[in-house]
Amino acid sequence: MQTKQTVSIIGSTGNMGSAIARSLAKGNYRLLLLSGPNNTADSLADEIKSLNPGAEVESIDCCYNASWEADIIILAIPFGEEFAMAEKIREVANQKIVISIANPLNGTYDGLSTSPDTSAAEQLQKLLPNSKVVKAFNTSFSTNFNQPVLAGKQTDAFIAGDDEEALNLVSDLVETTGFNPLIAGPLSMSRTLEGMQLLLVQLNIKNEYNWQAGWKILHN
């Protein structure tokens, strides 16, 4: 029997964090939900348990404790908050998988705030040198989690990282949420993935996709 892994979602009450939490509750995971600074994750935990009575989920109010208990840590927080959070959890994130979902979009959504030779995920890896940082979930909108099949196609979700075991475990997470996981390459590929989401945001705004859009690789 597969060992149940503990997944901590830091920022679980945001749009992306709550969407990820609801989707992962369907899988064989123990979920620890950490809210943002002005609210709690109690109501989200209660909602998830009412929809999935067998789900093992609880709210927690300390990022240090949430990370200490976790096998996998999902930072469902904006890019600008990752640096401070990394300082708080560095000691207890050693050798653990840390997922960065952040896209470093600038304030006008016409570019990235990172330089072309790096990415949000690579910067996080430098802050957490002993963790296994993986880029995932950044190429999806929160609305896609309710409808991961668009135009009859299962939406692809891209993953990048330098640790093979971590990539495989995160692929399982992505598959549980209903997306088709595709390993794009090493962590440096996050530069491309973050640029892809910038493009998707721009196309959504221009063409009024109503945040129901995603990526699909078509092949023979």
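Our structure's up above, just so we're on the same page.
In this text, all values refer to a predicted model and were calculated from it rather than measured experimentally. Just so you know, the residues in each chain are numbered from 1, in the order the chain's sequence is written. Where totals are concerned, whole chains, interfaces and linings use all residues; where local detail is concerned, this predicted model gives features only for residues with pLDDT of at least 70, and gives and counts side-chain atom pairs only at 80 or more. Heavy atoms from the whole structure form the basis of all side-chain values; hydrogens and water molecules are not counted.

Looking now at the pattern of salt bridges. For this analysis, a salt bridge means a side-chain nitrogen from Lys or Arg found within 4 Å of a carboxyl oxygen belonging to Asp or Glu. Summed over all chains, the structure comprises nine salt bridges. In this structure, the salt-bridge partner of Arg 30 is Glu 58, at a minimum N-O distance of 3.2 Å. One end of the pair, Arg 30, is in strand S2 (residues 29-34); the other, Glu 58, is in strand S3 (residues 56-60), and 28 residues separate them in sequence. Per-residue accessibility, obtained with a 1.4 Å probe over protein chains only, is compared with the maximum for each type, and a residue is labelled buried under 20%, exposed over 50%, and partly exposed between these values. Judged by its relative accessible area of 36%, Glu 58 is partly exposed. Note that Lys 216 and Asp 156 form a salt bridge whose closest N and O atoms lie 3.1 Å from each other. Of the two residues, Lys 216 is situated in the segment after helix H7 (190-207) and Asp 156 in strand S9 (residues 156-161); the sequence distance between them amounts to 60 residues. For Lys 216, a relative accessible area of 33% translates into the label partly exposed. Here the salt bridges do not stand alone but share partners, grouping Lys 4, Arg 30, Glu 56, Glu 58 and Glu 69 into one network. Working definition: helices are DSSP H or I runs of at least four residues, strands are E runs of at least two. Numbering for both runs from the N terminus.

Aromatic pairs are defined between Phe, Tyr and Trp rings, using the six-membered ring for Trp, whenever the two ring centres lie within 6.5 Å; interplanar angles under 30 degrees are classed as stacked, those over 60 as edge-to-face, and all others as tilted. As enumerated under the stated definition, the model contains four aromatic pairs in all. Centroid distance Phe 145 to Phe 179: 4.9 Å. Interplanar angle 80°. Geometry classified as edge-to-face. Here the residue Phe 145 occupies a position in the loop between strand S6 (132-135) and strand S7 (149-150), and Phe 179 occupies one in the loop between helix H6 (164-176) and strand S10 (180-185), the gap between them amounting to 34 residues. Judged by relative accessible area, Phe 145 falls into the buried class, the value being 5%. The class of Phe 179 is buried, set by a relative accessible area of 0%.

By secondary structure assignment, the location of Asn 144 is in the loop between S6 and S7. Judged by its relative accessible area of 0%, Asn 144 is buried. Identification of polar contacts relies on pairs of N or O atoms within 3.5 Å, with a donor-acceptor requirement for protein atoms, meaning one able to donate a hydrogen and the other able to accept it, and with residues adjacent in sequence counted only if both atoms are side-chain atoms. Among the polar contacts listed, one links the side chain of Asn 144 to the backbone oxygen of Ala 213, at a separation of 3.3 Å. Ignoring sequence-local partners within four residues, the contact set of Asn 144 consists of Leu 150, Phe 179, Trp 211, Gln 212 and Ala 213. The contact rule is simple, with two residues in contact once any of their heavy atoms fall within 4.5 Å.

Let us look at the packing of helix H1 (residues 15-24) against helix H2 (residues 42-51). Every axis in this analysis is a line fitted to C-alpha atoms, fitted for helices over the stretch in contact. Angles between the N-to-C directions lie between 0 and 180 degrees. Here H1 crosses H2 at 30°, and the two axes come no closer than 10 Å. Taken together, the axis directions place H1 and H2 in an arrangement best described as roughly parallel. In terms of crossing hand, the pair formed by H1 and H2 is right-handed. Note on element contacts: H2 touches H1 through Leu 44, Glu 47 and Ile 48, opposite Ser 18, Ala 21 and Arg 22. Under this grouping Gly is polar, as are all residues other than the nonpolar Ala, Val, Leu, Ile, Met, Phe, Trp, Tyr, Cys and Pro and the charged Asp, Glu, Lys and Arg. By residue class, the composition of the contact of H1 with H2 is three nonpolar, one polar and two charged. Oblique is the label for any angle not under 35 degrees, not over 145, and not in the 65 to 115 range, which are roughly parallel, roughly antiparallel and roughly perpendicular in turn. For a crossing to be left-handed, the near helix must be turned anticlockwise from the far one by less than a right angle; the clockwise case is right-handed.

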